[in-house]
Amino acid sequence: MPRPAHELITLTIDGREVQAPENSMLVDAAKLGDVEIPVFCYEPKLGNPVGACRMCLVEIEGIGKLQTGCSTPVKDGMVVHTQTERVKEAQRSVVEFLLINHPLDCPVCDKGGECPLQDISFGWGSGLSRFVEPKRHFVKPLELSPLIAIDRERCILCYRCVRFSQEISEDYQLVLLDRGADSYVSTFDGHPYEAPFSGNIIELCPVGALTSQDYRFRARPWEVENAGSVCTLCPAQCNVTLTVRDERVLRVLAREHPEVDDGWLCDAGRFAYPPHPPAAEINGGQALTLGARVAAPLVRDGGTLRPVSWARALQEAAAGLARAGARSGAVAGGAASNEEGYLLTRLMRDALGSPHLDSRATGALPLELMRALCDPRLQARVSDLEFAHAVLLLDIEPVRDAPILDLRLRKGERRHGVKLIRSAGADPAQLRAAARELSAAGKEVVVLWSERFAAGPEGEARARALLELAEELSFGETDGAGLLEIPAWANGRGLREAGVLPSAGPGLTPPPAGGLDARGIADALVRRELSALYLLRCDPLDPKDPLAAGAPAANGAEAVSPAQASEAWTRALDHASTVVAHASHLTAGVLEHASVVFPAESYAQKEGTVTHPDGRLQRVRQAVAHPALVRPEWLLIAELCSRLGLELELHSAEAVSRALFDAVPFYAGMSLEEIGGRGVRWQERPQAAAFGRAEELPG
Amino acid sequence: MSQQLLLQDIDEPGLHTLAVYERRGGYEALRKALAMTRQEVLSELEASGLRGRGGAGFQMGKKVSFLPHGAIERYLVCNADESEPGTFKDRELVQKTPHMLIEGIVIAAYAAEASRAFIYIRGEYVLQADVLDSAVAEAHAAGYLGEDILGSGHSLSLVVHRGAGAYICGEETGLLDSLEGKRGNPRLKPPFPANQGLYQGPTLINNVETLATVPAIMRMGGAEYAKLGVETSTGTKVVSVSGHVQRPGNYEIELGIPSREIIYGLAGGPPEGRAIKCWFPGGSSAPVLTAEDLDVPYDFDSLAHAGSMLGSGAIIVVDDSTPILDVAMKVAKFYRHESCGKCTPCREGTNWTVTMLERIDRGEATPMDLDIITSVCDHIIGNCLCVLGDAMAMPIASMVAKFRPELEAHMQAAHERALPPAAAPAGGGGGFA
Amino acid sequence: MSGGGEGEKRMRAGQGGWDRPAEREKRGASIPDPASTPVPAALRERIESAMALYPDARSAAIPALHAAQEVHGWCSPEAIAQVACVMAVTPAYLDSLATFYDMLETAPAGRHSVYVCTNISCSLRGADELLAAVEEAAAADPDVRVRSFECLGACDIAPMASVDGVYVGPLTPQDVPELLADLRAGRAIMPERQLARRLVADQRANSREFPPPPPQGEGAPTSAERDGAHASEERQP
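Residues numbered from 1 in each chain as written. Chains lettered and ligands numbered in written order. Predicted model: local features only at pLDDT ≥ 70, side-chain atom pairs only at ≥ 80, totals over all residues. Heavy atoms only, no water.

On to the overall build of chain B. Helices and strands together make up the secondary structure of chain B, namely 17 helices and 10 strands. Expected size for 433 residues packed as a compact globule is a radius of gyration near 22 Å; at 23 Å, chain B falls within 12% of this value. Across its three principal directions, the C-alpha atoms of chain B cover 85 × 45 × 35 Å. Counting all 433 residues of chain B, 68% fall into the buried class. Sequence-distant contacts in chain B: of pairs separated by 6 or more residues, those separated by 24 or more amount to 71%. With an accessible surface of roughly 12700 Å², chain B has 54% of that area assigned to carbon and sulfur atoms. Where the 37 positive side-chain charges of chain B centre and where its 53 negative ones centre are 3 Å apart. (Helix = DSSP H or I, 4+ residues; strand = E, 2+ residues; numbered from the N terminus. Rg over C-alpha atoms; globule rule 2.2 N^0.38 Å. Buried < 20%, exposed > 50% of the residue type's maximum accessible area, 1.4 Å probe, protein only. Contact = heavy atoms within 4.5 Å. Areas by Shrake-Rupley, 256 points an atom, 1.4 Å probe, with all protein chains shown as cover. Lys, Arg positive; Asp, Glu negative; His and termini not counted. Charge placed at Lys NZ, Arg CZ, Asp CG, Glu CD.)

Now the structure itself:
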């Protein structure tokens, strides 16, 4: 579906000519001319304007009544006044109306200092009120959910939160009850507002009516630093701003990126930072800074993991790996960065001489298939989900696999009429049926598929069917069409491209020698063909880890149940003489089997890059210092390389990034500056040509 | 003798049944219309000059012509959510001559190329909705509704939808939201319903009386109809007269006759020995007029010129036995109760106005409060999403303007009642909120 | 003059609503699960047939809530959950409607309702005194819910009341005992004062002679006729 094209027009605002896209809303166009029109209810992310708060009234020549700037599309030649006495009086009156029942308890309000109502009252209000009646008072704050507190005295009924619930996350749990001046935001019959994206209403609230239970009274805006980073708790890799005070992350806010998250966060990403049992319970989130995190290097001693010095931990790890040498295997997952993945390839291939390393939880695919699926011409962008004619979902549950994409799909369906198709199954006939349905919808088609789809005995056949579908629907020649794979791990794509695969080196190039995939490594451990295992941010015995999921059943093949997978891995770990793990928590496999545990950094402590499922390299920036006994993970792998005789001469995180960019042909010439705060899709750089065309697939 | 178009058979026994309505020539206008092209029907409507009888007074033919053409589903919605205080004309028509309304709906839908129609009737009108249900069933059975009406190829489904008590649903976009199963919050305009109305489709919305007049226009011809009334307010209008008059009720008048003739001539004027203090010419949303304005011709433009409006055509007469403050409080409280709460000036302004009026009544106000009321009303008028806020602000502002001395006296008297003689006056001044 | 509907509104909003937190033992209220939400068959049938009338089934929300209110007496959480289950919407969506519309009861209400119009035209003719009289007379009767109501569209019979949906007027405080007696006895409410029997006020209306009544068999009576519409020929002043 063609994205709206915007022709520039010229309008006059307060006497100055402003160029703006035609039909953009006046408040947005005004910003292009450095004119601010105050708004409360207007938030483009929420869809069509509602014109409820009336704060943005302006005068437009030729129209008698004042108009709401939030809902007036600009036209060429329009003449707008925002500074006339008539406009000012209307704006002052709206502020006065809004403050009638607002408690003005700014000194004890969490929003104070970052409050649009404060700012607008100061900037556009008269500073006086003629309202002398008593204000109304309610019990406050009240719990709206275990995560969110509501203060109904402060609410100015701007509709943002209820529109979010109704039109964005579409959970329709948050509504306005009653009518007129008595209206209030509430849920049904005392039920909490529990939905996967509920926390966004806190950020949307233009007053202090909705506040985070966790962040309440923890800091003032002028006491905190804001650090931009990328959440690496899932493959969606939403852009975030971390609110930091005294080397602690107190809050996670969205850092809007239209090509990644559209300005929203899921509750797991937003609330996973402190040890918050309800959040962890609801969302399965991981703690970012506190909680039962591994905070020091551990070594198994007399059957128990005990904290030891770094020297001892590194020495034990190096010794164990050295003993195994080429009989080592490695699996990387979780939030491991591209740099860590790259260094792991050096450790395994160059220092230990082992080709056995993997970052796919679901089993290997032949390299030519991996390359074909990764072909830059076939890759869809996140925003394509919103503007496609149709999206085919293959073995994926967005709200679980990459939550923020769930909102994007809903947006596309609701606003642009994107047709969402869930294939009944994955055999070629069913895919062909889906293809017919897709092509009936239009040319621009996106296939959103999970790594699981190509897992198991039929995985290869399915991957080929997927490529046939892409061929049939001419993805290569159609802008806005393509494949978008959601890997099992947050940085699955980046780790593959860094070369953490048994069948490929950096840049999906053929490796010097082929190796075993994750399952093969497990089997080889049992057979004592391998004796050491390096677990970089994964644990096959952690039920939440994709490695523990087993493999799906397919035609003529048995399913591997999670219990069978766990049994196989337990035996493998039992047989391993050395297990080195990078872990944030002592999950089952680490706790029972690791010989050495390196404490994993939280993403707020990490410096490095990750690659989004659509090929966008993004920077993870260090926002808080490492705790005393936590060290950068890249440094640990580099140190192990050194102790095993491989001197990499990489002395800073940036140097590792450069080494990675040099090693991956299609990342060539990339720099951290180029990636910046918004990321870079490697497919959009000229160096993408280095990927080469996908080889002809062997029959 | 004034022409009677809507009420000429109104109390005939059984008129609400199809048989009696047909014997009176019912559905002949529909047959005539279906024999014409849609454009010809539209031309008749435009020629009639018929202005909407719901309150806004927009030309009905023009409204029909605004609907876009093409292969999209168009809707017709009849607004029977008659809730403007003082208005009860639609109730009389729906209850007693429902087929006249249905016939008008079918003709208008034909002109507008609408194939689905809804009558949104306020939930309180239980009897009237039951009557409509029966009439729709009869009309359907007789082939005046449904597929291929009278062999014309034109089809129309008609559903009677009952509201549940909210004045704001009389506002056309609030009505559409309510009909879609939502809270009856008005929508931003544009887009106007003609382009994007019910279920996002082009929608013609008209009041009961407007649509009920359509058969008469088709029978007479638009040009003939336009000869009734005055140039910019053609035709006849059912006026609901209530309050302090001797014969409250509905009267069908030719537009443009002097208001005095309605209030005194038809409705008998105020009770013996009382004089008119003020009157609302078009429901409680209209700015009040006084006895001095009784000779204003009762039509859209003359009343607008006099500083008020014809609105829904409901005259409420208040005589000199009632304090103006009581009237103001009644009106303001009504609009506070009915404000949907969506936009700020209406939600907060109606509430604030009520609290100020109450303070006057308690003797805690000063004349400055009257200025604040006027200013608050000013800040509501024209600044809201829909006209509900204006509907409170305009009459209240008119009462403060026209009866200020009485209000000040009221304030003073209440003040003296409330406080011992030596006590300090209550402040009404400014301060930090 | 007492406030038209003001006390009403307070009761509906209920300080409790504003002051009510989420309850810890509850979970988020999504669309009710049919397996755990039994719905009376007749109610389900009414809701489903209402849904079939509209291009978008959500249009049936108000008729569905009306129907549930008839079954449950008010829009109780249970009633709302049942409608939500049949319509496949969240209960919050329906609650936002139930609290918006005056005729939907959001607290337990009696079997009978008396709406006394207290808007301008009725109050000019004594509605506030009427309301006070009805409230006083019915105060001890949990079966009768008396409400001050905004303009009911019957200012020609002011002051008036809608008694279980039947419009009666003009009424004085002296009429209240008879009105309540009729209501409690299940009789037609003050038949002579019912709006259904009132002729139009305009003396010039009915300008055409009424023809003789139709021969037998023509024009079968409708429900409205059975209910007594047009039964009287009395013209009121």
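Here we come to the packing of aromatic side chains. All names here are of chain A. Applying the stated criterion across every chain, the model contains 24 aromatic pairs over all chains. Ring geometry for Phe 164 versus Trp 264: centroids 4.9 Å apart, planes at 55°, classification tilted. Of this pair, Phe 164 sits in helix H4 (residues 160-168) while Trp 264 sits in the loop between strand E13 (248-254) and helix H6 (267-271), placing them 100 residues apart in sequence. Its relative accessible area of 0% is what places Phe 164 among the buried residues. Each ring, one from Trp 449 and one from Phe 453, has its centre 6.3 Å from the other, and the planes form 80°; the classification is edge-to-face. For Trp 449, a relative accessible area of 1% puts it in the buried group. (Phe/Tyr/Trp six-rings, centres within 6.5 Å; stacked < 30°, edge-to-face > 60°.)

Time to look at the nonpolar core. Within soluble globular proteins, side chains that are nonpolar tend to cluster in buried spots. Within the largest apolar cluster, 183 residues are counted, with the highest numbers of intra-cluster contacts made by B:Ile105, B:Ile396, C:Leu94 and C:Tyr101. Per-element accounting of this core gives the leading share, 11 residues, to helix H6 (residues 98-112) of chain B. Apart from residues no more than four positions distant in its own chain, C:Leu94 is found in contact with C:Ala61, C:Leu65, C:Ile80, C:Val83, C:Ala84 and C:Val89. Counting residues in hydrophobic clusters, the runner-up holds 91 residues, among them A:Ala330, A:Leu431, A:Ala454 and A:Ala470. (Core = buried A, V, L, I, M, F, W, Y, C linked by side-chain atoms within 4.5 Å.)

Residues and elements named next belong to chain C. The strand order E2-E1-E3-E4 describes an open sheet built from four strands, whose pairing is mixed. Since the sheet does not close on itself, it has two edges, and those belong to strand E2 (144-149) and strand E4 (166-168), each with one partner. Neighbouring strand axes in the sheet, compared pairwise and without regard to direction, differ in orientation by 25° on average. Taken together, the three bridges between strand E1 (residues 112-117) and strand E3 (residues 161-163) define a ladder with antiparallel strand orientation. Residue pairing in the sheet places Val 114 in a bridge with Val 163 of E3. (Pairing = 2+ DSSP bridges. Axes fitted to C-alpha atoms, helices over the stretch in contact; angles between N-to-C directions.)

Okay, the confidence of the model for chain A next. In this model, chain A carries an average pLDDT of 92, and 95% of its residues clear a pLDDT of 70 or more. Within the model, the stretch residues 274-291 of chain A combines pLDDT values under 50 with 34 contacts to residues more than four positions away or in other chains. (pLDDT = per-residue confidence, 0-100.)

What follows concerns unusual backbone geometry. Cis geometry marks the peptide bond from B:Pro190 to B:Pro191, where omega comes out at 0°. In this chain, C:Gly169 is followed by C:Pro170 through a cis amide linkage whose omega measures -5°. Here C:Pro170 lies in the loop between E4 and helix H8 (176-185). For A:Arg528, which is not glycine, the phi torsion reads 65° and is therefore positive. On the secondary structure map, A:Arg528 appears in the loop between helix H17 (518-526) and strand E22 (532-536).

To continue, consider the pattern of salt bridges. Two side chains of opposite charge can pair, provided their charged atoms sit close to one another. Tallied over the entire structure, the rule returns 99 salt bridges over all chains. For the salt bridge of B:Arg91 with C:Asp156, the shortest nitrogen-to-oxygen distance reads 2.7 Å. Taken together, the residues span two chains, with B:Arg91 in helix H5 (residues 89-96) and C:Asp156 in the loop between E2 and E3. In terms of burial, B:Arg91 and C:Asp156 fall into one category: buried. Close ionic contact of B:Asp319 with B:Arg274 constitutes a salt bridge, the shortest N to O distance being 2.5 Å. Placement of the pair is B:Asp319 in strand E10 (residues 314-319) and B:Arg274 in the loop between helix H11 (259-266) and strand E9 (276-280), with a sequence separation of 45 residues. For B:Asp319, a relative accessible area of 0% corresponds to the buried category. According to the relative accessible area criterion, B:Arg274 is partly exposed, its value standing at 37%. (Salt bridge = Lys/Arg side-chain N within 4 Å of Asp/Glu carboxyl O.)

All names here are of chain A. As assigned here, chain A comprises domain 1 (8-83), domain 2 (106-212), domain 3 (221-283), domain 4 (298-306 + 329-343 + 493-691) and domain 5 (367-486). For domain 4 versus domain 5, the separation of C-alpha centres amounts to 27 Å. Each partner contributes to the interface: domain 4 provides 25 residues, whereas domain 5 provides 21 residues. Across the domain 4/domain 5 interface, buried area totals approximately 1800 Å², and carbon plus sulfur atoms make up 62% of it. Counting the contacts that link domain 4 with domain 5 gives two salt bridges. Salt-bridge contacts for Arg 496 lead to Glu 485; the nearest nitrogen and oxygen are separated by 2.9 Å. Summed over the shared surface of domain 4 and domain 5, the number is five residue pairs in polar contact (both at pLDDT 80 or more). Top element by residues in the side of domain 4 that touches domain 5 is helix H16 (residues 492-498). It accounts for three residues. (Domains from an automatic or database assignment. Buried area = accessible area lost by both parts, 1.4 Å probe. Polar contact = N/O pair within 3.5 Å; in protein donor to acceptor, adjacent residues only side chain to side chain.)

Turning our attention to the interface of chain A and chain C. Of the residues lining the interface, 28 residues belong to chain A; the matching set on chain C comes to 31 residues. Buried area between chain A and chain C, both sides added, is near 3000 Å², and the carbon and sulfur share of it is 54%. The largest per-residue losses of area from chain A upon contact with chain C belong to A:Asp178, A:Arg179 and A:Phe188, which jointly make up 24% of the total buried on that side. At the boundary of chain A with chain C, the tally comes to five salt bridges. Across the pair A:Glu194 and C:Arg27 runs a salt bridge, and its minimum N-O distance is 3.0 Å. Summed over the shared surface of chain A and chain C, the result is 16 residue pairs in polar contact (both at pLDDT 80 or more). Counting residues per element, the ones that place at least two in the side of chain A that touches chain C are strand E6 (142-143) and strand E8 (175-177) of chain A. The greatest single-element share of the side of chain A that touches chain C, amounting to three residues, is contributed by E8(A). By residue class, the composition of the side of chain A that touches chain C is 13 nonpolar, six polar and nine charged. (Nonpolar A, V, L, I, M, F, W, Y, C, P; charged D, E, K, R; others polar.)

Right, let's talk about the sheet that holds strand E11 (residues 225-230) of chain A for a bit. Strands in a sheet are paired, the pairing made by backbone hydrogen bonds, and the direction either parallel or antiparallel. Residues and elements named next belong to chain A. Read across the open sheet, the three strands follow the order E11-E12-E13; overall the sheet is antiparallel. Only two strands of the sheet have a single partner each, and these edge strands are E11 and E13. Here the average twist between neighbouring strands, direction ignored, is 30°. Note: strand E12 (residues 239-245) against E13, six bridges, orientation antiparallel. Residue pairing across strands places Val 244 opposite Val 249, the latter belonging to E13.

With that settled, consider helix H21 (residues 653-663) of chain A. Within H21(A), the full set of buried residues consists of A:Ala653, A:Ala655, A:Val656, A:Ser657, A:Ala659, A:Leu660 and A:Phe661. For H21(A), the elements touching its buried residues are helix H9 (338-352), H16, strand E25 (608-611), strand E26 (616-620), helix H20 (633-643) and helix H22 (672-675) of chain A.

Moving on to the environment of B:Leu294. Residue and element names in this part refer to chain B. With respect to the helices, strands and loops of the structure, Leu 294 is situated in the loop between E9 and helix H12 (300-305). Among the residues examined, Leu 294 registers a relative accessible area of 3% and is labelled buried. Separated by 30 residues in sequence, Leu 294 and Tyr 264 have C-alpha atoms that sit 9.5 Å apart. In contact with Leu 294, not counting residues within four places along its chain, are Pro 258, Ser 259, Arg 260, Ile 263, Tyr 264, Ile 276 and Trp 279.

Residues and elements named next belong to chain B. By secondary structure assignment, the location of Arg 53 is in the loop between helix H3 (38-48) and helix H4 (60-66). For the buried Arg 53, which has no salt bridge, the nearest side chain bearing the opposite charge is Glu 209, at an N-O separation of 4.1 Å. Within the structure, the side chain of Arg 53 is placed 2.9 Å from the backbone oxygen of Thr 236, a separation counted as a polar contact. Residues within four places of Arg 53 in sequence aside, it is in contact with Lys 89, Asn 207, Glu 209, Thr 210, Tyr 225, Thr 234, Gly 235, Thr 236, Lys 237, Leu 255, Phe 300 and Ser 312.

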